[in-house]
Amino acid sequence: MASPSTSNLSPKLLFLFLLLLGTFVVASFANFYQDCDITWGDGRGNILNNGQLLTLSLDKTSGSGFQSRNEYLFGKIDMQLKLVPGNSAGTVTAYYLSSQGPTHDEIDFEFLGNLSGDPYILHTNVFSQGKGNREQQFYLWFDPTADFHTYSILWNPQRIIFSVDGTPIREFKNSESIGVAYPKNQPMRIYSSLWNADDWATRGGLVKTDWSKAPFTASYRNFNANACVWSSGSSSCSSASPSSTSSNGGWYSQELDSTSQERMKWVQKNYMIYNYCTDTKRFPQGLPPECNATTMS
């Protein structure tokens, strides 16, 4: 059956159509046994279903976490997560790229739990050469505990794009030309953890973890790293032409087209709840230099 023409849809309906379309993007996925190691939690992290599913659990004694075996220097990273359901107040599910050391680089997704019926907060941040403080926070337009959803980081030399189910929510551009450090030299692993942060995670620490609801469990599947693997001091991508050697589908030079920019603006208008680039009280001496219309989204 022929699909309806999008030319007859109103702009709002067209956006919702594209939003739903992004939910059904399919890629080839890896195996957790082959690609990740559970690094802490004393049995609270588990790989199941022949490597297709990974779960992390948290109880009053400990949380748990895992990391990728490979390090990457640029790539597009996808992971499907189903977050802790019910009363998840005080818990944090973190999924991020990071290097090591005092001047580390880091690209963060963190999901801050809440009381039953209240929305999760999706917290994003970018560290470059040890400096972070670039938080943007969002509500989601769906229940992230009811099913799996895809959370993606596209990281190339020009920009970092955070996406949810194929919809971009944030772009951090390379602003080295105005003196802003950008993550481009330090290989990073993928890390994820489920841990107790009830001293700050929910309403600034006012709401504590209800341990009678433990164990809390988050689930992961369909990890996909379309990326340049860093090993023994060199990249799997050709420095001369990474686009042609890494089968990357164009992510190395990808930028947001006009449709993607409109989708991101819609999310930021309707679901963004904090943006460091508008927090003048936090930066009384002036906003960070990247916080201007030409370099910041």
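Residues numbered from 1 in each chain as written. Predicted model: local features only at pLDDT ≥ 70, side-chain atom pairs only at ≥ 80, totals over all residues. Heavy atoms only, no water.

Engineer: Talk me through the overall build of the protein chain; I want residue IDs and the actual numbers.
Structural biologist: If you tally the helices and strands in the protein chain, you get 4 helices and 16 strands. The buried share among the 297 residues of the protein chain stands at 49%. A sequence separation of at least 24 residues applies to 66% of the contacts in the protein chain between residues at least 6 apart. Counting every atom, the protein chain has about 14100 Å² of accessible surface; 51% of that belongs to carbon and sulfur. (Helix = DSSP H or I, 4+ residues; strand = E, 2+ residues; numbered from the N terminus. Buried < 20%, exposed > 50% of the residue type's maximum accessible area, 1.4 Å probe, protein only. Contact = heavy atoms within 4.5 Å. Areas by Shrake-Rupley, 256 points an atom, 1.4 Å probe, with all protein chains shown as cover.)

Engineer: Before we move on, could you go through the pattern of salt bridges and cite the residues and values that matter?
Structural biologist: Applying the stated rule across the entire model yields 9 salt bridges. Residues Asp37 and Arg69 are paired through a salt bridge, measuring 2.9 Å at the closest nitrogen-oxygen approach. Linking Asp37 in strand β1 (residues 36–40) with Arg69 in the loop between β4 (64–68) and β5 (71–82), this pair joins segments that are 32 residues apart in sequence. (Salt bridge = Lys/Arg side-chain N within 4 Å of Asp/Glu carboxyl O.)

Engineer: Give a detailed account of the nonpolar core, specifying residues and quantitative values.
Structural biologist: The biggest cluster of nonpolar side chains holds 56 residues, and the ones touching the most others in it are Phe109, Tyr151, Trp155, Ile160 and Tyr220. Sequence-distant contacts of Trp155, that is, excluding residues within four places in its chain, are made with Tyr72, Leu73, Phe74, Gly75, Leu97, Ile107, Ile160, Tyr182, Pro183, Gln186, Met188 and Trp251. Counting residues in hydrophobic clusters, the runner-up holds 5 residues, among them Val92, Leu112, Ile121 and Ala201. (Core = buried A, V, L, I, M, F, W, Y, C linked by side-chain atoms within 4.5 Å.)

Engineer: Summarise the environment of Lys265; cite the residues concerned and give the values.
Structural biologist: Relative to the elements of secondary structure, Lys265 occurs in helix α4 (residues 258–271). Residue class for Lys265 comes out partly exposed when judged on its relative accessible area of 48%. In the structure, Lys265 is positioned 96 residues away from Ile169 in sequence and 7.8 Å away in space, judged by C-alpha atoms.

Engineer: Outline the sheet that holds strand β9 (residues 136–138), supporting the account with residue identities and numerical values.
Structural biologist: The 8 strands lie next to each other as β1-β4-β13-β6-β7-β8-β9-β16, forming an open sheet whose pairing is antiparallel. Where the open sheet ends on each side, the last strands, each with one partner, are β1 and β16 (272–275). On average, adjacent strands in this sheet sit at an angle of 15 degrees to one another, irrespective of strand direction. Sheet analysis places strand β6 (residues 91–98) next to strand β13 (residues 189–196), joined by 8 bridges and oriented antiparallel. Each residue of the ladder has a partner; that of Tyr95, found in β13, is Ser192. (Pairing = 2+ DSSP bridges. Axes fitted to C-alpha atoms, helices over the stretch in contact; angles between N-to-C directions.)

Engineer: Give me the lowdown on the state of the cysteines, citing residues and values where you can.
Structural biologist: Under the defined criterion, the tally for this structure stands at 2 disulfides. With its sulfur 2.0 Å from that of its partner, Cys228 forms a disulfide with Cys237. Looking along the S-S bond of the Cys228-Cys237 disulfide, the torsion reads about -100 degrees, which is the left-handed sense. For Cys228, a relative accessible area of 1% puts it in the buried group. For Cys237, a relative accessible area of 8% translates into the label buried. Two residues, Cys277 and Cys291, share a disulfide whose sulfurs are 1.8 Å apart. Sign of the S-S torsion, about -75 degrees for the bond between Cys277 and Cys291, identifies this disulfide as left-handed. Placement of Cys277 in the segment after β16 and of Cys291 in the segment after β16 is noted, with a sequence separation of 14 residues between them. Of the two residues, Cys277 and Cys291, both sit in the buried class. Once the disulfide-bonded cysteines of the protein chain are ranked by sequence position, their pairing pattern turns out to be 1-2, 3-4. (Disulfide = S-S within 2.5 Å.)

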